[in-house]
Amino acid sequence: MSSAEMKIITCPKCGQDNEVKIFRTVNVTTDAQLHDKVISGELFRFRCPHCGHEAELKYPMLYNDMKYRFMIYYIPEIDRSSVIDEKLESEYAEYAELEGVTRRLVGSFNQLKEKIHILESGLDDRAMEIAKVALYDVVCKRTGEKVSGGYFSKYSESEDLIGFTFFIGEDNEHLVQTTRLEIYKKSIEIAGDYDKDTNRNFLLVDRNWARNALYRYKKKN
Ligand SMILES: [Zn+2]
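The rules behind the values
Residues numbered from 1 in each chain as written. Predicted model: local features only at pLDDT ≥ 70, side-chain atom pairs only at ≥ 80, totals over all residues. Heavy atoms only, no water. Donors = N, O, S within 2.8 Å, 3.2 Å for Na, K, Ca; no water. Tetrahedral: all angles 85-135°; square planar, octahedral: opposite > 155°, others 65-115°. Helix = DSSP H or I, 4+ residues; strand = E, 2+ residues; numbered from the N terminus. Core = buried A, V, L, I, M, F, W, Y, C linked by side-chain atoms within 4.5 Å. Buried < 20%, exposed > 50% of the residue type's maximum accessible area, 1.4 Å probe, protein only. Contact = heavy atoms within 4.5 Å.

Note on the zinc ion: its protein donors are Cys-11 (SG), Cys-14 (SG), Cys-48 (SG) and Cys-51 (SG). The metal-donor distances range over 2.3 to 2.4 Å. Coordination geometry of the zinc ion: the 4 donor atoms subtend angles of 107 to 112° at the metal centre, consistent with an arrangement described as tetrahedral. In primary sequence terms, the donor set of the zinc ion follows C-x2-C-x33-C-x2-C. Taken together, the positions of Cys-14 in the loop between β1 (3-10) and β2 (17-27) and Cys-51 in the loop between β3 (45-47) and β4 (54-56) put the pair 37 residues apart, joining distant regions of the chain.

A few words on the nonpolar core. Val-26, Leu-43, Phe-44, Tyr-63 and Leu-112 are the most contacted members of the largest nonpolar core, which has 24 residues in total. Every element with two or more residues in this core is listed here: β2, α1 (33-39), β5 (61-65), β6 (70-74) and α3 (109-120). When neighbours within four sequence positions are excluded, Leu-43 is seen to be in contact with Phe-23, Val-26, Leu-34, Lys-37, Val-38, Tyr-59 and Met-61. Counting 17 residues, the second largest nonpolar core, distinct from the first, contains Met-128, Val-139, Phe-164 and Leu-181.

Structure representation (structure tokens):
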């Protein structure tokens, strides 16, 4: 089940009060229509009926997918690498044993979207972050430009490749960098070694996490 509450938000432009529906938890298995509203960002969009002003709403939300067995805790601008939320765990224990449920923490809307995409595709998001970091370094070297980030954009078993779209240079030009699936499979191994006993936590698996995992792997080998 999803849960929401009504909140009064004062429009930053015209100063009028608006009643806005804020979702605390979104269960896309029981409330499938919410899936697209998360992906499109509609759930986080504020539109003032008085003056038309639009803004992004930033509030914590738990995204729960029981079919693909993952939960993502979106906490805008979080600066911690993991969260143990006992209240949530006890609430959700009745829906499915949490054993085997991937639990992640994200600090931005773009990260939330990328995680959903990866986990819905049945892929290992830890390995994806590691592969992304490796390719990020390749792209930096190849272009000699500033690379400001990237996101998962391609996976194909038949073509034996995995790909990420990176933002290059001042103009944030898009560049797709692909590599063979072998890199992804190797990354699963590296991720598994690094990620032990984290099953109880909502874990922030991002670029830093991947860098640390790679660092640990290189030191050991
Ligand atoms: Zn307004």
